[in-house]
Amino acid sequence: MLIEIATKDARLGMYVHAVEGGWLASPFWRSHLVLSKPSEIAKLVKAGIATITIDTSKGVGPAQAAPPAPPVDDVPAIADRRVASEDAPYSGPERRLRKRGSSELDRARETVERSKEAVSRMFAEVRMGNAVDAADVSPLVDEIAESVARDATAMLKVTRLKNKDEYTYLHSVAVCALMINFARRLNLPEDEVRDLGMAGLLHDIGKMSVPSALLDKPGALEPGERSVVQSHPVKGHQLLSESENISAAVLDVCLHHHERVDGTGYPERLTGEQLSLHARMSAICDVYDAVTSNRPYKRPWSPSEALARMRSWEGHFDPALFAIFIESIGIYPVGGLVRMGDNKLAVILTANDEDPTAPRVRCFYDIPAQAMVPHRDVDTGGGASHRTILRSERGEHWFGDNWSAIHAQVQAGPVDDAAPRRTAVGA
Ligand SMILES: [Fe+2]
């Protein structure tokens with residue numbers, strides 16, 4: 001459906017069918033365009049184009065558009081507040097998990113239930129002023145690590161299901177599992193993997209020093225309230241510094257999981273160069289779990305939607321690390337570039353609600369032949385190599401400065417419109 005909107009309301013993911021004044025007035029050479037970068041929107045605005053016509057059958061509509069990165073003050077609303085809805089998200093069965101049978105899912109549920117109770121007890125102790133001993137927490141981290149090793153998808157699915165009473169505890173368990181899975185994808189030594197699992201489990205322990213009324217408060221926080229909530233990394237770090245057997249990695253993650261690579265995070269406003277690998281990993285895991293969980297006035301984002309939106313937040317996360325995180329959870333954001341098992345490059349077209357790990361893709365490039373090929377849409381999953389996603393790829397690596405244009409063409413073009421032709425391949 002064609003809709004005319006004000007250019008100022010343009011959002012990433014929109015398919016631009018026409019611009020006010022025709023394409024001669026457009027700052028782009030292409031006759032159609034999927035808005036994939038904030039700079040493209042800025043160009044339209046700068047060119048003085050007041051309205052654009054978008055095609056919602058080929059891109060996102062006004063209500064679905066990906067938002068810009070939230071201001072730094074909104075992050076606590078995403079990551080630091082407990083949820084108010086009882087509805088557990090994603091309670092519907094997922095095809096792949098049904099096929100897998102109930103055994104591993106049941107085991108993951110048992111592990112998560114035990115973990116939640118243990119974290120709840122530990123946090124209650126902290127509320128009463130008692131210190132944490134890492135030796136007491138290690139068996140819990142080991143159990144979560146083993147569950148992630150057996151079946152990461154089952155574990156990560158179970159930890160996404162939260163209600164308001166268990167959010168804080170389950171968020172800790174979820175970030176623990178995400179950190180373990182992420183660290184293994186990075187091939188870190190197993191000792192370090194466990195250390196990062198513990199860091200995930202304890203990263204928000206400073207929230208025990210924040211009044212529950214603030215963590216539970218629906219609606220916006222007053223500036224004074226926000227600063228209290230934002231004090232939790234420092235308070236947690238202080239508490240852990242006085243505890244037994246706490247590693248440097250755990251302390252680092254506790255203090256720095258709300259920092260941003262552009263230096264606009266808190267509490268120390270460190271930049272990407274100043275932040276450790278562990279801190280940069282934790283920022284990603286923390287926000288991913290928060291935005292895929294229920295929140296007071298906002299539906300939870302699906303995993304693929306969350307990844308697509310988080311990827312668009314410039315300056316928030318380490319982009320290279322974020323790409324590896326996406327690989328680690330096996331869920332690919334719509335619009336992302338992937339390598340298929342038959343050595344074709346493909347763009348993720350649509351998410352699969354039943355199985356987030358099996359999206360629909362559009363293949364368009366043959367790597368061995370170094371040539372564009374006619375577009376072919378494929379439903380991934382099922383085991384055949386041409387249906388298997390191997391890993392994420394960087395478009396700039398393969399196509400250099402041409403990637404933005406090629407990406408838009410692939411997303412917008414009819415299935416059979418790409419005539420085979422040679423394309424220079426980047427180093
Ligand atoms: Fe936090």
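Residues numbered from 1 in each chain as written. Predicted model: local features only at pLDDT ≥ 70, side-chain atom pairs only at ≥ 80, totals over all residues. Heavy atoms only, no water.

Peer 1: So, the overall build of the protein chain: which residues are in play, and what are the values?
Peer 2: In terms of regular secondary structure, the protein chain is built from 17 helices and ten strands. Out of the 427 residues in the protein chain, the part that is buried amounts to 53%. Intrachain contacts of the protein chain at a sequence separation of at least 6 include 69% that bridge at least 24 residues. Counting only carbon and sulfur atoms, one obtains 52% of the accessible surface of the protein chain, whose full area is about 18,100 Å². (Helix = DSSP H or I, 4+ residues; strand = E, 2+ residues; numbered from the N terminus. Buried < 20%, exposed > 50% of the residue type's maximum accessible area, 1.4 Å probe, protein only. Contact = heavy atoms within 4.5 Å. Areas by Shrake-Rupley, 256 points an atom, 1.4 Å probe, with all protein chains shown as cover.)

Peer 1: Tell me about the coordination of the iron ion, and name the residues and values.
Peer 2: Each donor-metal-donor angle in an ideal tetrahedron of four donors is 109.5 degrees, and each such angle in an ideal octahedron of six donors is either 90 or 180 degrees. Those donors, Asp204 (OD), His232 (NE2), His257 (NE2) and His258 (NE2), are the protein atoms that reach the iron ion, and they lie 2.1 to 2.3 Å from it. Read in sequence order, the donor residues coordinating the iron ion give the pattern D-x27-H-x24-H-H. Placement of the pair is Asp204 in the loop between α8 (190-202) and α9 (212-216) and His258 in the loop between α12 (248-256) and α13 (277-291), with a sequence separation of 54 residues. Each of the two residues, Asp204 as well as His258, counts as buried. (Donors = N, O, S within 2.8 Å, 3.2 Å for Na, K, Ca; no water.)

Peer 1: So, empty space enclosed by the protein: which residues are in play, and what are the values?
Peer 2: Tallied over the entire structure, the rule returns four cavities of 30 Å³ or more. For the largest cavity, the calculated volume is near 110 Å³. Lining the largest cavity are ten residues, with Thr153, Leu156, Lys157, Arg160 and Ile331 positioned closest to its centre. Per-element accounting of the lining of the largest cavity gives the leading share, four residues, to helix α6 (residues 152-160). (1 Å grid on protein atoms, 1.4 Å probe; cavity = no way out; pocket = protein on both sides within 12 Å on 5 of 7 lines; lining within 4 Å. Points joined across faces, edges and corners; volume = space filled by probe spheres on them.)

Peer 1: Mind laying out the packing of helix α14 (residues 303-312) against helix α15 (residues 319-329), listing which residues take part and the relevant values?
Peer 2: Closest axis-to-axis distance for the α14/α15 pair is 11 Å, and the angle between their directions is 175°. Taken as axis vectors, α14 and α15 run roughly antiparallel relative to one another. Of the residues in α15, those touching α14 at Leu307, Met310 and Arg311 are Phe322, Phe325, Ile326 and Ile329. Taken together, the residues of the contact of α14 with α15 break down into six nonpolar, no polar and one charged. (Axes fitted to C-alpha atoms, helices over the stretch in contact; angles between N-to-C directions. Parallel < 35°, antiparallel > 145°, perpendicular 65-115°, else oblique. Nonpolar A, V, L, I, M, F, W, Y, C, P; charged D, E, K, R; others polar.)

Peer 1: Describe the pairing of strand β4 (residues 51-55), listing the residues and the values that go with them.
Peer 2: Looking along a regular strand, one sees side chains alternate from face to face of the sheet. Of all five residues in β4, five are buried; the element is thus mostly enclosed. Of the strand pairs in this sheet, strand β1 (residues 2-6) and β4 are connected by five bridges, and their pairing is antiparallel. Residue pairing for β4: Ile3 is matched across the bridge by Ile54. Note: strand β2 (residues 15-19) against β4, three bridges, orientation antiparallel. Of the residues in β4, the one forming a bridge with Val19 is Ile52. (Pairing = 2+ DSSP bridges.)

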